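Summary of structural features
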Amino acid sequence: VNARGFEAPEGESGVFLASEYRRQVTFSSRVLQGYNCNYQHFRSFQRLDPDSVKLNILTAAYIDPLNPLYMQTFDKPVVVFSHNVKLSRLAA
């Protein structure tokens, strides 16, 4: 993880935001140099009731600056994924 942030916005009861920036390096016996990719993960948590939370995860993938296609995309993500998850507490 290269960078991480979080906050609970004022006036937004039951909301929590978190973000991470990651650099992934993949090595293979078939490639002389590892393959690099950069990701950002944004997570928003919203309490629905005392026993459940709604989670939205947004993931953006960016091309590495050493990639020849980088100048075509620059700081724009090449892939964006969004997932909604409901987390519930199990009864004891």
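Parameters and conventions
All residue numbers refer to position in the chain's written sequence, counted from 1. Residues qualify for local features only when their pLDDT is at least 70, as the model is predicted, and side-chain atom pairs are given and counted only at 80 or more; totals for whole chains, interfaces and linings, by contrast, use all residues. With hydrogens and water set aside, each side-chain value is computed from the structure's full complement of heavy atoms. Helix and strand assignments come from DSSP, with helices taken as H or I runs of at least 4 residues and strands as E runs of at least 2, each series counted from the N terminus. In this setup the radius of gyration rests on C-alpha atoms only. A globule is expected at 2.2 Å times the number of residues raised to 0.38. Counting rule applied: Lys, Arg positive; Asp, Glu negative; His and chain ends not counted. Working definition for charges: the position is that of NZ of Lys, CZ of Arg, CG of Asp or CD of Glu. Within this document, salt bridges are pairs made up of a side-chain nitrogen of Lys or Arg and a carboxyl oxygen of Asp or Glu, the two lying within 4 Å of each other. For the exposure calls, accessible area comes from a 1.4 Å probe over protein chains only, and a residue counts as buried if that area is under 20% of its type's maximum, exposed if over 50%, partly exposed in between. Residues count as neighbours in contact if any of their non-hydrogen atoms are within 4.5 Å of one another. Here a polar contact is recorded for every N or O atom pair within 3.5 Å, except that within protein the pair must consist of a potential hydrogen donor and a potential acceptor, and residues adjacent in sequence are included only if both atoms are side-chain atoms. Aromatic contacts are taken between Phe, Tyr and Trp rings whose centres are within 6.5 Å, Trp giving its six-membered ring; a plane angle under 30 degrees counts as stacked, one over 60 as edge-to-face, and the others as tilted.

Considerations on the overall build of the protein
Counting its regular elements, the protein contains 1 helix and 5 strands. A compact globule built from 92 residues should have a C-alpha radius of gyration of about 12 Å, whereas the protein, at 17 Å, is more than 25% larger. Oriented by its inertia axes, the alpha-carbon framework of the protein measures out at about 50 × 30 × 20 Å. Each charge sign in the protein was given a centre, from 10 positive and 8 negative side chains, and these centres are 9 Å apart.

Let's talk about the pattern of salt bridges
Counted by the stated rule, this structure contains 6 salt bridges. Between Arg4 and Glu20 there is a salt bridge; the shortest N-O distance is 2.9 Å. On the criterion of sequence distance, the pair formed by Arg4 in strand β1 (residues 3–7) and Glu20 in strand β2 (residues 15–26) is long-range, its members being 16 residues apart. A relative accessible area of 12% means that Glu20 is categorised as buried. When salt bridges with common partners are traced through the structure, they connect Arg4, Glu20, Arg22 and Arg43 into a single cluster.

A word on the environment of Ser82
Mapped onto the elements, Ser82 comes out in strand β5 (residues 79–88). Exposure remark for Ser82: the relative accessible area of 46% places this residue in the partly exposed category. Separated by 39 residues in the primary sequence, Ser82 and Arg43 place their C-alpha atoms 9.8 Å from one another. Those residues in contact with Ser82 that lie beyond four places of it in its chain are Asn56, Ile57 and Leu58. For Ser82, the side chain forms a polar contact with the side chain of Asn56, separated by 3.4 Å.

Focus on the packing of aromatic side chains
Each aromatic ring pair is specified by the distance between its two centres and by the angle formed by the two planes. For the structure on display, the rule yields 3 aromatic pairs. Summarising the aromatic geometry, the rings of Phe16 and Phe45 are spaced 6.1 Å apart at their centres and angled 50° between planes, so their arrangement reads as tilted. Placement of the pair is Phe16 in strand β2 and Phe45 in strand β3 (residues 35–49), with a sequence separation of 29 residues. A relative accessible area of 34% means that Phe16 is categorised as partly exposed. Through a chain of ring-to-ring contacts, three or more aromatic side chains come together here, namely Phe6, Phe16 and Phe45.

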